[in-house]
Amino acid sequence: MRLLAVATCAAIAAVAPSAAAAPARSVPIRPGVGIGPINLGMTGAQVYRALGRPRTVVERRTIGGGPYVEFEYGYGLWTVGLYGRKGERRVVLVLTALARHRTPLGIGVGTPIRQVERRMGDVRRRLCDARGTWINWYLRQGNKELVFHPGGHPTEVVAVDVRTAPVLGCVT
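Note that the structure is predicted; figures quoted are calculated from it, not measured.

A.B. asks: Where do I start with the overall build of the protein in this structure?
C.D. replies: When helices and strands are counted, the protein shows three helices and eleven strands. In sequence order, the protein lays out its α and β elements as α-β-β-β-α-β-β-β-β-α-β-β-β-β. Here the protein, with 172 residues, has 46% of them falling under the buried criterion. Once local pairs closer than 6 in sequence are excluded, the contacts in the protein between residues at least 24 apart make up 49%.

A.B. asks: Help me out: how do you make sense of the packing of aromatic side chains in this one?
C.D. replies: For any two aromatic rings, the description comes down to two numbers: the centre-to-centre distance and the angle of the planes. Throughout the structure, instances matching the rule amount to zero aromatic pairs. When the ring centre of Tyr 138 is taken as reference, the NZ or CZ atom of Arg 126 above it lies at 3.9 Å.

A.B. asks: Is there a simple way to think about the sheet that holds strand E11 (residues 157-164) in this case?
C.D. replies: For sheets, the rule is that strands pair by backbone hydrogen bonds, running either parallel or antiparallel. Taken in spatial order, the eight strands line up as E4-E5-E6-E7-E11-E10-E9-E8 in an open sheet, and their pairing is antiparallel. Since the sheet does not close on itself, it has two edges, and those belong to strand E4 (56-63) and strand E8 (124-127), each with one partner. In this sheet, neighbouring strand axes are inclined to one another by 20° on average, regardless of whether the strands run parallel or antiparallel. As defined by bridge partners, strand E10 (residues 144-150) adjoins E11 across seven bridges and the pair is classed as antiparallel. Looking at the pairing, Pro 150 lines up with Val 157 of E11. Taken strand by strand, helix H2 (residues 44-51) contacts strand E5 (66-73), strand E6 (78-83) and strand E7 (90-96), and its axis lies near 165° from that of E6.

A.B. asks: Sorry, what's going on with the environment of Arg 61 here?
C.D. replies: Structurally, the position occupied by Arg 61 is in strand E4. On the basis of relative accessibility, which here comes to 27%, the residue Arg 61 falls in the partly exposed class. Sequence separation between Arg 61 and Tyr 83 is 22 residues; the distance between their C-alpha atoms is 9.8 Å. A distance of 2.9 Å separates the side chain of Arg 61 from the side chain of Glu 59, its partner in a polar contact.

A.B. asks: Mind showing me how you'd approach the sheet that holds strand E3 (residues 38-39) here?
C.D. replies: One open sheet holds the three strands; their spatial order is E1-E2-E3, and the pairing between them is antiparallel. With partners counted over all chains shown, the strands left at the sheet margins are strand E1 (29-30) and E3, one partner each. As judged from the two bridges shared by strand E2 (residues 34-35) and E3, these two strands associate in the antiparallel manner. Note on E3: the bridge partner recorded for Gly 34 is Asn 39.

A.B. asks: Teacher, can you tell me more about unusual backbone geometry here?
C.D. replies: If a residue is not glycine, its phi is most likely negative; likewise, a peptide bond is most likely trans. The residue after Ala 165, namely Pro 166, is reached through a cis peptide bond having omega 15°. Even without a glycine there, the phi angle at Tyr 75 is positive, about 55°. Tracing the chain through its elements places Tyr 75 in the loop between E5 and E6.

A.B. asks: Honestly, the nonpolar core in this entry has me stumped. Any pointers?
C.D. replies: For soluble globular proteins, the rule of thumb is that nonpolar side chains tend to be buried together. Counting residues in hydrophobic clusters, the biggest one holds 31 residues, and the most contacted among them are Ile 38, Trp 78, Val 80 and Phe 148. Mapped by element, the contributors of at least two residues to this core are H2, E5, E6, E7, helix H3 (113-119), strand E9 (135-141), E10 and E11. With residues up to four places along the chain from it excluded, the contact list for Ile 38 reads Arg 30, Val 33, Val 47, Ala 50, Leu 51, Trp 78, Val 80, Val 91 and Val 94. Grouped together as the second largest cluster of nonpolar side chains are seven residues, Ile 63, Tyr 68, Val 92 and Val 167 included.

A.B. asks: Is there a simple way to think about the environment of Arg 90 in this case?
C.D. replies: Inspection of the secondary structure assignment puts Arg 90 in strand E7. Counting along the chain gives 44 residues from Arg 90 to Gln 46, while the straight-line C-alpha distance between them is 9.5 Å. Of the polar contacts made by the side chain of Arg 90, one reaches the backbone oxygen of Gly 41; its length is 2.9 Å.

Cut-offs applied
- Residues numbered from 1 in each chain as written.
- Predicted model: local features only at pLDDT ≥ 70, side-chain atom pairs only at ≥ 80, totals over all residues.
- Heavy atoms only, no water.
- Helix = DSSP H or I, 4+ residues; strand = E, 2+ residues; numbered from the N terminus.
- Buried < 20%, exposed > 50% of the residue type's maximum accessible area, 1.4 Å probe, protein only.
- Contact = heavy atoms within 4.5 Å.
- Phe/Tyr/Trp six-rings, centres within 6.5 Å; stacked < 30°, edge-to-face > 60°.
- Lys NZ or Arg CZ within 6 Å of the ring centre and 35° of its normal.
- Pairing = 2+ DSSP bridges.
- Axes fitted to C-alpha atoms, helices over the stretch in contact; angles between N-to-C directions.
- Polar contact = N/O pair within 3.5 Å; in protein donor to acceptor, adjacent residues only side chain to side chain.
- Core = buried A, V, L, I, M, F, W, Y, C linked by side-chain atoms within 4.5 Å.

Structure representation (structure tokens):
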């Protein structure tokens, strides 16, 4: 299901990149820090000031005994996951499907997976379901990850996220 959501994000990004509730000036994907104006550890109020009101709630669930909520902005072009009780929530995941966001090595949405593997030396591939249909490539730095999500045919990146505990691995 998550793969379908990521693929949908990429399709929307390709058709309507101007529909994003994102700042006009792009800021790169910063591994271990954040994407664009959103940083890991920001409060919900800070996210609201940066991106405005979310379009919808993607999901709510409990992770590691604490409440987790994921919001969508810009018709799937941004996803922000917050962990903690309302009023105390902090960003633990930020995902982009915007091609203009890039890592310092120039990797982002639209990058062929082979190039990700070549340019990001320590990147690893993981299967997140028994059927092998949910695959991603990731680079872990301490308790933070940079994750590249491939499209339906795992040949190019359709979304990138930066995450921290408790949403490491195939949790989301």
